[in-house]
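Summary of the model geometry
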Amino acid sequence: MKFLKILMMGAIAILAVSVSYVFFSEGEAVESEDKVIIRFAHGQPENNERHAAALRFKELVEARSEDMEVLIYPNEQLGSEAEMIESVTLNDLQMVAASAFSQYDQSISIFELPYLFDSYEEAWEVLDGEVGEDAAAPLLEDNLRIIAYFENGIRHVTANKPIESTEDFRGLNIRTPEFPLSLATFQALGANPTPMAFGELYMALQQGTVDAQENPIANVYASRFQEVQQYLNMTAHQYMPLPVAISDDFWNSLSKEQQDIVEASAKEAAQYHRDLIVENEEKTLEDLKEEGMEVVRPDTEQFREQTRPVYESYRQQFGDEVLDRILEQLGRNE
């Protein structure tokens, strides 16, 4: 019996070492039972379409490869969006789906200019083309390789009052991400934008630290903001993609076959995410109404005009070339 106990303890010790190797090795391709482990993190809860897309990516990679395994970490388990992205730059995390890349290169936020896109399809056409590739290229300097654009949706404002005109924005304390274009957009509208981590937002709304917030419909519902906000104001003020980044050092440690599988799977999962968002949006809107939220549909042309100075500010900082390429592709002038 003593001998068997020693054998069992030894086996447990070996297993513990093996597990530690998987979870604590840094961003290079590590193997556990002959498998490369890809840790993929994001900030939304498990009932959000973003998590469904991450699981789809995992399913595709593991079906196409016998030597890769994807571990998904939702709901800011590995930190805020900014912290998760930083972990990828440091090669401590392999992949992230997040929005906060402007902290490394602000020019990628061009897709977030207010009222730039009139539909999801317009945005996807631009993101999946040369402009999407060119906008992502500077992030390679920070070890961030964008391999797909997941969907973050068209953003709307929730508040405890209706937003029907530009006057209603004046003095409104609204939580935004800490993105320059988000801040500039709401400053142009006369609001007081207050950046904070998404994970802190529900409590901030509940306690009255901020009066309002802005997010896509899917995020509003998944995060239960209808419990602490009365009005969903369909401002459609901003489209925001969700870049999926992989550590470039980790990427370069993969074989060409593995790279092809990861990239193709990410792009397929991205379109799956997009389709899911569009399919669910109307149903989610009805669910929010049933749970007591009032939907307000203001004339957004007044908001479009009020935010035009944000375009001039962007041009002064980053030049005309990329913005003009987007507007030309969309077939319109600013």
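The structure displayed is predicted, hence computed values, not measured ones.

**Describing the side chain of Thr307**
For Thr307, the position within the fold is in the loop between helix 11 (301–306) and helix 12 (308–318). Classification of Thr307 by relative accessible area gives buried; the value is 1%. Reaching out from Thr307, the side chain makes a polar contact with the backbone oxygen of Phe303 at a distance of 3.0 Å. In terms of polar contacts, Thr307 uses its side chain to reach the backbone carbonyl oxygen of Arg304, at 3.1 Å. Residues within four places of Thr307 in sequence aside, it is in contact with Pro114, Tyr115, Thr185, Ala188 and Leu189.

**Things to note about the packing of aromatic side chains**
Per the counting criterion, the structure on display carries ten aromatic pairs. Taking the centre distance of 6.1 Å and the plane angle of 75° together, the rings of Phe111 and Tyr149 count as edge-to-face. Taken as a pair, Phe111 in the loop between strand 4 (95–97) and helix 4 (120–127) and Tyr149 in strand 5 (residues 144–159) lie far apart in primary sequence, 38 residues in all. On the basis of relative accessibility, which here comes to 6%, the residue Tyr149 falls in the buried class. A ring pair is formed by Phe117 and Tyr239, whose centres lie 5.7 Å apart and whose planes are at 85°; its orientation type is edge-to-face. Highlighted residues: Phe117 in the loop between strand 4 and helix 4 and Tyr239 in strand 9 (residues 231–247), separated in sequence by 122 residues.

**Describing the nonpolar core**
Inside soluble globular proteins, nonpolar side chains tend to come together where they are buried. Within the largest apolar cluster, 45 residues are counted, with the highest numbers of intra-cluster contacts made by Phe101, Phe111, Leu113, Phe117 and Ile326. If we skip the residues at most four places from it in the chain, Phe111 touches Leu116, Phe117, Val126, Leu127, Val131, Gly132, Ala135, Tyr149, Tyr239, Pro241 and Ile326. Residues Ala54, Phe57, Ile147 and Ala269 belong to the second largest nonpolar core, which totals 26 residues.

The rules behind these values
- Residues numbered from 1 in each chain as written.
- Predicted model: local features only at pLDDT ≥ 70, side-chain atom pairs only at ≥ 80, totals over all residues.
- Heavy atoms only, no water.
- Helix = DSSP H or I, 4+ residues; strand = E, 2+ residues; numbered from the N terminus.
- Buried < 20%, exposed > 50% of the residue type's maximum accessible area, 1.4 Å probe, protein only.
- Polar contact = N/O pair within 3.5 Å; in protein donor to acceptor, adjacent residues only side chain to side chain.
- Contact = heavy atoms within 4.5 Å.
- Phe/Tyr/Trp six-rings, centres within 6.5 Å; stacked < 30°, edge-to-face > 60°.
- Core = buried A, V, L, I, M, F, W, Y, C linked by side-chain atoms within 4.5 Å.

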